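The chain contents come next:
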Amino acid sequence: MARRTKEEAQQTRCHIMSTALNLFCQQGLAKTSLTDIANAAELTRGAIYWHFKNKEELFISLWEELCSPLSHQLDACVDEQEPDPLGKLRVFLKEVMIKISLEPAHQQMFTIMFNLESLEGEASALREHMRAQSLNFFRDLELTLANAVRLGQLPADLDLHRGATLMHCTLDGYIINWLHFPERINLIRDADFLLDTLFALIAQPHGPAVPRR
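Residues numbered from 1 in each chain as written. Predicted model: local features only at pLDDT ≥ 70, side-chain atom pairs only at ≥ 80, totals over all residues. Heavy atoms only, no water.

Named according to an unreviewed UniProt entry, the chain is TetR family transcriptional regulator originating from Aeromonas lusitana.

## Thoughts on helix H10 (residues 160-180)
Count 3.6 residues to each turn of an α-helix, and residues three or four apart come out pointing the same way. The end-to-end C-alpha separation of H10 is 30 Å, in line with the 30 Å expected for 21 residues at 1.5 Å each. Among the residues of H10, those classed as buried are Gly163, Ala164, Met167, His168, Leu171, Ile175 and Trp178. Buried positions in H10, seen along its axis, are confined to an arc of 125° and lie on one side of it. Residues Cys169 and His180 are exposed on H10 and point more than 90 degrees away from its buried face. At the N-terminal boundary of H10, the capping side chain belongs to Asp159, with an oxygen 3.1 Å from the backbone nitrogen of His161. (Helix = DSSP H or I, 4+ residues; strand = E, 2+ residues; numbered from the N terminus. Expected span 1.5 Å × (residues − 1). Buried < 20%, exposed > 50% of the residue type's maximum accessible area, 1.4 Å probe, protein only. Arc of directions from axis to C-beta. Polar contact = N/O pair within 3.5 Å; in protein donor to acceptor, adjacent residues only side chain to side chain.)

## Section: the packing of aromatic side chains
Applying the stated criterion across every chain, the model contains three aromatic pairs. Ring geometry for Phe92 versus Phe137: centroids 6.4 Å apart, planes at 45°, classification tilted. One end of the pair, Phe92, is in helix H7 (residues 85-102); the other, Phe137, is in helix H9 (residues 124-150), with 45 residues separating them in the sequence. Here Phe110 and Phe114 contribute two aromatic rings whose centre-to-centre distance is 6.2 Å and whose plane-to-plane angle is 50°, an arrangement assigned as tilted. With relative accessibility at 11%, the residue Phe110 sits in the buried group. Looking at Arg184, its charged tip hangs above the ring of Phe181, at a distance of 4.7 Å from the centre. (Phe/Tyr/Trp six-rings, centres within 6.5 Å; stacked < 30°, edge-to-face > 60°. Lys NZ or Arg CZ within 6 Å of the ring centre and 35° of its normal.)

## Details of the UniProt feature "domain: HTH tetR-type" (unreviewed entry) in the chain
UniProt's entry tags residues 10-70 with the feature "domain: HTH tetR-type" (unreviewed entry), counted in the numbering of this structure. Taken end to end, residues 10-70 is 79% helix and 0% strand, and its first and last C-alpha atoms sit 22 Å apart. (UniProt positions renumbered as here; feature names shortened; annotations may be inferred.)

## Digging into the UniProt feature "DNA-binding region" (unreviewed entry) in the chain
The UniProt record annotates "DNA-binding region" (unreviewed entry) at residues 33-52. For residues 33-52, the helix share is 75%, the strand share is 0%, and the end-to-end C-alpha distance is 13 Å.

## A short note on unusual backbone geometry
Of note in the backbone geometry, Glu42 takes a positive phi value of approximately 60° without being a glycine. With respect to the helices, strands and loops of the structure, Glu42 is situated in the loop between helix H2 (34-41) and helix H3 (45-51). On the basis of relative accessible area, Glu42 is assigned to the exposed category, the value being 73%.

## Considering the packing of helix H4 (residues 55-66) against helix H8 (residues 104-113)
Where H4 contacts H8, the two axes come as close as 11 Å, and the packing angle between them is 130°. Taken together, the axis directions place H4 and H8 in an arrangement best described as oblique. Taken as a pair, H4 and H8 cross one another with a handedness that is left-handed. The residues of H8 that touch H4, namely those facing Phe59, Leu62, Trp63 and Leu66, are Ala105, His106, Met109, Ile112 and Met113. (Axes fitted to C-alpha atoms, helices over the stretch in contact; angles between N-to-C directions. Parallel < 35°, antiparallel > 145°, perpendicular 65-115°, else oblique. Left-handed = near helix turned anticlockwise from the far one by under 90°. Contact = heavy atoms within 4.5 Å.)

## A word on the side chain of Thr144
Relative to the elements of secondary structure, Thr144 occurs in helix H9. In this structure Thr144 touches Cys77, Val78, Pro85 and Leu89, once residues within four positions along its chain are discounted.

## Description of the pattern of salt bridges
Inspection of every chain in the model, using the stated rule, returns eight salt bridges. The shortest N-O distance in the salt bridge between Lys99 and Glu103 comes to 3.2 Å. Residue Asp140 is joined to Arg139 by a salt bridge in which the shortest nitrogen-to-oxygen separation is 3.1 Å. The exposure class assigned to Arg139 is partly exposed, which follows from its relative accessible area of 43%. Through salt bridges with shared partners, a single ionic network connects Arg90, Lys94, Asp192 and Asp196. (Salt bridge = Lys/Arg side-chain N within 4 Å of Asp/Glu carboxyl O.)

Here is the structure:
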C-alpha cells in the first residue's frame, strides 16, 4: 500500500507539472496562479501545496526536469581533460535543437524562457533564476572555446567573449524565429547548416580583441 501511495503521489506531481507547463506556455507565468493550475488539473489547492510551496518552486522544478539534464552534457566540454571539446559542443548543441523540435515539453519550456522579461513582483525571482542559468551557459561556452583554443582546435587569437556571444545570440535567435515561424524554419534540417556555419565563423583568424568597457 505504501508503495502504491508513493507511486500515486509521483503521478500527481507529474500531472501538476504537466498542467502547469501548459498553462505557463498559454497564459504566461505572471498570469497563471496556483489556483488556475489546481482547477485545470482538477485538484485542490492543498494538493498543489503538498508538492510545491509556491509557483516559483513549481517552475524551477520544471526547469530542473527538462533543462538540467541537457545542461549537464556540457560538463564534458568544459573538462580540461576532454580531448575534443569542440566536437562535444557540436553534439550537445545539435541534440538541443533536435529535442526542441521533437519534444513538445521542451518547446513549451523554451517559449516560456524567452518571455521572462515581463515578470514583475514576486515572479521576478524566476527571471533572475533564468538569467543566472543563461550566464552559467555563457560561461560554459567560454570555457569550452578556451579548451578548444588550448588544444589547437580554434585560433589562438580568438576573443572568447565575442565568440561565445556570437554562438549564444545566433542560436537563441534561430530558436526564437523557429518558435514564431515554424513553417519557415526546420530546426532538424537546418541544424547541421547552422552549426557548420557558426563553427566556421569562429574558426576564422581574428584580429586583436576589442576592449570591453
